[in-house]
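Remarks on the overall topology
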Amino acid sequence: MSLGVLLVEDDRELRATLRDALQVEGYRVLVSASLADARAVISTALVNRGVDIVLLDLGLPDGDGASFLADLRREHSTPVIVISARPGEDHKVRLLDGGADDYLVKPFSLAELLARMRVALRHRGTTVRPLTLRYERADLAVDLQARRVLRAGAEVHLTPTEYRLLARLVRQAGQVVTHRQLLVDVWGPEYIEHTHYLRLYMAQLRAKLEAEPADPRLLLTEPGVGYRLAEPEEE
Amino acid sequence: MLGLDGRIDLANMALILVLGAGIAAIWSTPWASLAASAIAVLAFNFVFVPPRRTFAVDLHQHALLLATMLTVSWIVALLVARLRWHTAQATAQALRSDQLREFAEAQRAADEPAAQASILRDALSRLTGAEPTLLLADASVDTLEGSAFHSFGPATPDESIGLRLCLQERRPMGPGTGRHEEQPAWYLPLRGLRGGFGAALIRRAAGDGADRELRDHAQALCDQLGAALERGAALRAAAAAREQAQDHALRNTLLTAISHDHRTPLATILGAASALHDQDERLSGAQRRRLASTIVDEATQLARLTDNTLQLARLGQVGLALRRDWESVEELVGTVLRRLRQRDPHHRVKARVEAGLPLLRCDAVLMVQLLDNLVDNALKHGAGDAPVEVMARRVGAAVLIAVRDRGPGVPVAQRKRIFEAFHRGERVDSTEGGDPHSRPGAGVGLALCRAIARVHGGELRLRIRGHGGSSFEMTLPVEDVPEGTEQDGGEGAPP
């Protein structure tokens, strides 16, 4: 059975274009032009497992999507990708902190959208299934179960904080993790304002794991939002 | 004194009386000490001067003695009283000039008219012991047509009328001023150099209205506020004029941007898309792919242009709040390189970021946009396959980030205007091949870059390189990172 996508987008042209493109890729596409409509669609569709992923545009005529996301998250872990209109928008960061899985900034290419969806679908249901425990890309290999980090086959020594930071990113490999999520999960809730810790430890990690720290291929920065560990190589 | 009776003569005893009168003058009011001296002389006469127990005086010399004693006592009393009055005046004067100075300092610290008014009310109520009422005009009286008044403190309708009259005429009214003497209160104008900015109402207890010193002092306080209000009004007017000019320039820039720069990529997109639409069957697969990729390229270009134009408009807004955070230069540069990878297949861009650079307090989205624009520019204008360098290092209390190319450089005539919105570089290498999509720089790109550098307290300059090419160099101030990077345990992955 093909995967179901709920596309919530108020612009008719963009909605039609994305629907066609996604259908060509083999997805079953449901569309909504407003949050009210999206609520109705999802309440019936989720019962019979009709929606596997939601693409949620911000700035819909009847709301900002935050309450929709909160309602959805109360009962379901269906992945949600937020589509934002401006690069510097605070709103998307709040939604990411509130449980959205990833984001895209308009305009985006189809390739970017498909890549984000693929990663989000892979992480789907992490609440019930075991967490991602292994990560491999380029010459880096991380095994969370054995607590080992290998680079080109040789063991890399990380400090406990560096390791916790890397492990947090591995669990959501390929997806953006916001500054706030990283600070809370690695340092603790009282460190939310301490972005400078994050910068320093990220620089240390890059120095140990990247071939060229100034041109990173693995530990990617999402300016103003957070960090993303590059998508793992397909096994 | 009775114990001395008989042992010393009357004239000497009388001196003790004068001493008493002097002491009385120091301790009591002038009238009381005058009265006390008179009573003392009478009593002395009654008790000691023969014939005793009567007010009569036998000898002329005793009468002279008593008269002299009385006169001397009174003179002493009056002198002491005058001395005390002068001292009191001097103390009051010193207090008032202290108050004026403190008041001036407090006024300088407050920049809101409401805060300044409340400082004046405090000062006046301390000075006079009564709660004053202030009326402030929004602008100078000369331009009063329809302007608003703000009242601070209670006022009866009559008092309000008095305040407005005083504000309009800019002259004091009330007891002792020569105008509206019958009023029970003083109305003092708040005067600036070029107009009245308000009026103060100071209520006086009955019969206590004519204290000229007090009124002069109150007037001095009021005039200080007037001057402060005038200064504030002038500053606000200048800021408003600047803002208006800025708005105007910005609107023109945006109109030019949309009418000119946005049309070119739109025309290309429309051309390619309509070709795909209309000539569908007649196009070869390769032609179709080329048209589609033209649309993708031009739309990307248009997206960048729109981002730049919008961001420039946003930066032009007054009171813009940046989303500043601690950012690492290495990460900012890394982000730009990653975005570039698709556009720069031959890796012409190289980064050299000095190790151990301090974190910068900046808006990451804006900073990435700035670097991205500079690198994009360098790739378009740089010569052929010559490398483009992104270099970052510390220079004193600042971080210098430079984007350097080896292109033909910016012609001398254009160097001054290159950062102005809507200036575009002449296309130099149109016949020398290179990137087929290259075109002169986006009209707002460099203007935006400079605006971004400046809102961060930095600067962006163009430096001409020794052996050809341009270097766009941005300096950003370094701020102190908050203390306390917590201790991390020893090396090694945890077991």
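Notes on the structure follow. Just so we're clear, the structure is a prediction, and the values are computed from it rather than from any experiment.

1. Some points on the overall build of chain A
When you go through chain A residue by residue, the secondary structure sums to eight helices and twelve strands. Counting only residues that meet the buried cut, chain A has 53% of its 235 residues in that class. Considering only intrachain contacts with a sequence separation of at least 6, the fraction spanning at least 24 residues in chain A is 62%. Put simply, chain A shows about 10,400 Å² of open surface, and 51% of that area lies on carbon and sulfur atoms.

2. A few points about the packing of aromatic side chains
For the coordinates displayed, the defined rule picks out five aromatic pairs over all chains. Between Trp187(A) and Tyr197(A), the ring centres sit 5.9 Å apart and the planes meet at 50 degrees, which makes this aromatic pair tilted. A residue pair is termed long-range when its members are at least 10 positions apart, and Trp187(A) in helix α7 (residues 179–187) and Tyr197(A) in helix α8 (residues 195–209) qualify at ten residues. Across the pair, exposure class does not vary: Trp187(A) and Tyr197(A) are buried alike. Measuring from centroid to centroid gives 6.1 Å for Phe419(B) and Phe472(B), while their planes differ by 90 degrees, and the two rings are edge-to-face. Of this pair, Phe419(B) sits in the loop between α11 (412–415) and α12 (445–455) while Phe472(B) sits in strand β11 (residues 470–477), placing them 53 residues apart in sequence. A relative accessible area of 7% places Phe472(B) in the buried class. Aromatic rings pair up to connect Trp187(A), Tyr191(A), Tyr197(A) and Tyr201(A) into one cluster. Positioned over the ring face of Phe419(B) is Arg450(B), at 4.0 Å from the centre of the ring.

3. Let's talk about the pairing of strand β4 (residues 195–203) of chain B
All names here are of chain B. Counted residue by residue, β4 has eight buried out of nine residues, so it is predominantly covered. Where strand β3 (residues 185–192) lies against β4, eight bridges are found, and the strand directions are antiparallel. Within the sheet, the bridge partner assigned to Leu188 lies in β4 and is Ala200.

4. Focus on the pattern of salt bridges
Across all of its chains, the model carries 39 salt bridges over all chains by this definition. Note that Glu459(B) and Arg450(B) form a salt bridge whose closest N and O atoms lie 3.4 Å from each other. Summarising the burial analysis for this pair, Glu459(B) and Arg450(B) share the class buried. The salt bridge involving Glu473(B) is made with Arg463(B); its shortest N-O contact spans 2.8 Å. Of this pair, Glu473(B) sits in strand β11 while Arg463(B) sits in strand β10 (residues 459–464), placing them ten residues apart in sequence. Glu473(B) gets classed as buried once you look at its relative accessible area, which sits at 14%. Here Arg463(B) falls in the partly exposed class, since its relative accessible area comes to 36%. Salt bridges sharing common partners tie together Asp102(A), Arg116(A), Glu222(A), Arg228(A) and Arg338(B).

5. What to know about the interface of chain B and chain A
At the interface, 38 residues of chain B touch 36 residues of chain A. Buried area between chain B and chain A, summed over both chains or domains, comes out near 3,100 Å², and the portion from carbon and sulfur atoms is 52%. Counting every contact that joins chain B to chain A gives six salt bridges. With a shortest N-O distance of 3.7 Å, Arg338(B) and Glu222(A) are connected by a salt bridge. Counting every contact that joins chain B to chain A gives eleven residue pairs in polar contact (both at pLDDT 80 or more). Elements represented by at least two residues in the side of chain B that touches chain A include exactly α8 (285–316), β5 (325–327), α9 (329–340), β6 (349–353) and α10 (364–381) of chain B. The biggest single contributor to the side of chain B that touches chain A is α9(B), with eight residues.

6. Describing helix α3 (residues 60–109) of chain B
Compared with an ideal rise of 1.5 Å per residue, which puts 50 residues at 74 Å, α3(B) spans 73 Å between its outermost C-alpha atoms and is within 8% of the ideal. Listing the buried residues of α3(B) in full gives His62(B), Leu66(B), Met69(B), Ser73(B), Ala77(B), Val80(B), Ala81(B), Arg96(B), Gln99(B), Phe103(B), Ala104(B) and Gln107(B).

7. Looking at the side chain of Asp215(A)
Take Asp215(A): it is sitting in the loop between α8 and β11 (219–222). Engagement of the side chain of Asp215(A) in a polar contact is seen with the side chain of Arg341(B), the distance being 2.9 Å. Asp215(A) has contacts with Leu337(B) and Arg341(B), leaving out every residue within four places of it along the chain.

8. Considering a negative patch on the surface
On the surface, Asp10(A), Asp11(A), Glu13(A) and Asp62(A) cluster together into a negatively charged patch. Secondary-structure assignment places Asp62(A) in the loop between β3 (53–57) and α3 (66–75).

9. Overview of the sheet that holds β3(B)
For sheets, the rule is that strands pair by backbone hydrogen bonds, running either parallel or antiparallel. All names here are of chain B. Reading across from one edge, β2-β1-β4-β3 is the order of the four strands in this open sheet, with antiparallel pairing throughout. Of all the strands in the sheet, the pair left with one neighbour each is β2 (149–152) and β3. Neighbour-to-neighbour, the strand axes of the sheet open up by a mean angle of 15 degrees, direction not taken into account. With four bridges joining them, strand β1 (residues 133–137) and β2 adopt antiparallel strand pairing. Bridged to Ala137 within β2 is Phe149. In the packing of helix α4 (residues 113–128) onto the sheet, contacts are made with β1, β2, β3 and β4, and the angle to β1 comes to roughly 150 degrees. Strand contacts of helix α5 (residues 157–169): β1, β2, β3 and β4, with the helix running at about 145 degrees to β4, the strand carrying the most contacts.

10. Details of a nonpolar patch on the surface
The grouping of Leu19(B), Ile23(B), Ile26(B) and Trp27(B) at the surface amounts to a nonpolar patch, some 500 Å² of accessible area in total. Examined against the element boundaries, Ile26(B) turns out to sit in helix α1 (residues 10–27).

11. A short note on the environment of Gly162(B)
Of note, Gly162(B) is situated in helix α5. C-alpha of Gly162(B) to C-alpha of Ala185(B): the two residues are 23 residues apart in sequence and 9.9 Å apart in space.

12. Here we look at the sheet that holds strand β7 (residues 140–143) of chain A
Residue and element names in this part refer to chain A. Sheet architecture is open: four strands sit in the order β6-β7-β8-β9, paired in antiparallel fashion. Strands at the two margins of the open sheet, each flanked by one partner only, are β6 (134–137) and β9 (154–155). Of the pairings in the sheet, the one linking β7 to strand β8 (residues 148–151) comprises four bridges and is antiparallel in character. Bridged to Asp143 within β8 is Arg148. Across the sheet, helix α6 (residues 160–171) lies against β6, β7 and β8, angled at about 95 degrees from β7, the strand it touches most.

13. Re α1(B)
Residues and elements named next belong to chain B. The terminal C-alpha atoms of α1, which comprises 18 residues, lie 26 Å apart, in line with the 26 Å expected from a rise of 1.5 Å per residue. Those residues of α1 not exposed but buried are Leu10, Met13, Ala14, Leu17, Val18, Ala21, Gly22 and Ala25. Its buried side turned inward, α1 meets α2 (30–48) and α3.

14. Describing the packing of α9(B) against α10(B)
Residues and elements named next belong to chain B. Viewed as axis vectors pointing N to C, α9 and α10 meet at an angle of 50 degrees, and their least axial separation amounts to 9 Å. Between α9 and α10, the angle falls in the class oblique. Handedness of the crossing formed by α9 with α10: right-handed. Only Ala364, Met367, Val368, Leu371, Asp372, Val375 and Leu379 of α10 make contact with α9, whose side of the interface consists of Leu332, Val333, Thr335, Val336, Arg339 and Leu340.

15. Remarks on the pairing of β8(A)
Residue and element names in this part refer to chain A. Linking β7 to β8, which pair antiparallel, is a turn of four residues; within it Arg147 sits at a positive phi near 55 degrees. Alignment of β8 against β9, held across two bridges, turns out to be antiparallel. The partner of Leu150 across the bridge, within β9, is Glu155. In this antiparallel pair of consecutive strands, β8 and β9, the connection spans two residues, and Ala152 shows a positive phi of 50 degrees.

Parameters at a glance
Residues numbered from 1 in each chain as written. Chains lettered and ligands numbered in written order. Predicted model: local features only at pLDDT ≥ 70, side-chain atom pairs only at ≥ 80, totals over all residues. Heavy atoms only, no water. Helix = DSSP H or I, 4+ residues; strand = E, 2+ residues; numbered from the N terminus. Buried < 20%, exposed > 50% of the residue type's maximum accessible area, 1.4 Å probe, protein only. Contact = heavy atoms within 4.5 Å. Areas by Shrake-Rupley, 256 points an atom, 1.4 Å probe, with all protein chains shown as cover. Phe/Tyr/Trp six-rings, centres within 6.5 Å; stacked < 30°, edge-to-face > 60°. Lys NZ or Arg CZ within 6 Å of the ring centre and 35° of its normal. Pairing = 2+ DSSP bridges. Salt bridge = Lys/Arg side-chain N within 4 Å of Asp/Glu carboxyl O. Buried area = accessible area lost by both parts, 1.4 Å probe. Polar contact = N/O pair within 3.5 Å; in protein donor to acceptor, adjacent residues only side chain to side chain. Expected span 1.5 Å × (residues − 1). Patch = residues over 30% accessible without salt bridge, like charges linked within 9 Å, V, L, I, M, F, W, Y side chains within 5 Å. Lys, Arg positive; Asp, Glu negative; His and termini not counted. Charge placed at Lys NZ, Arg CZ, Asp CG, Glu CD. Axes fitted to C-alpha atoms, helices over the stretch in contact; angles between N-to-C directions. Parallel < 35°, antiparallel > 145°, perpendicular 65-115°, else oblique. Left-handed = near helix turned anticlockwise from the far one by under 90°.

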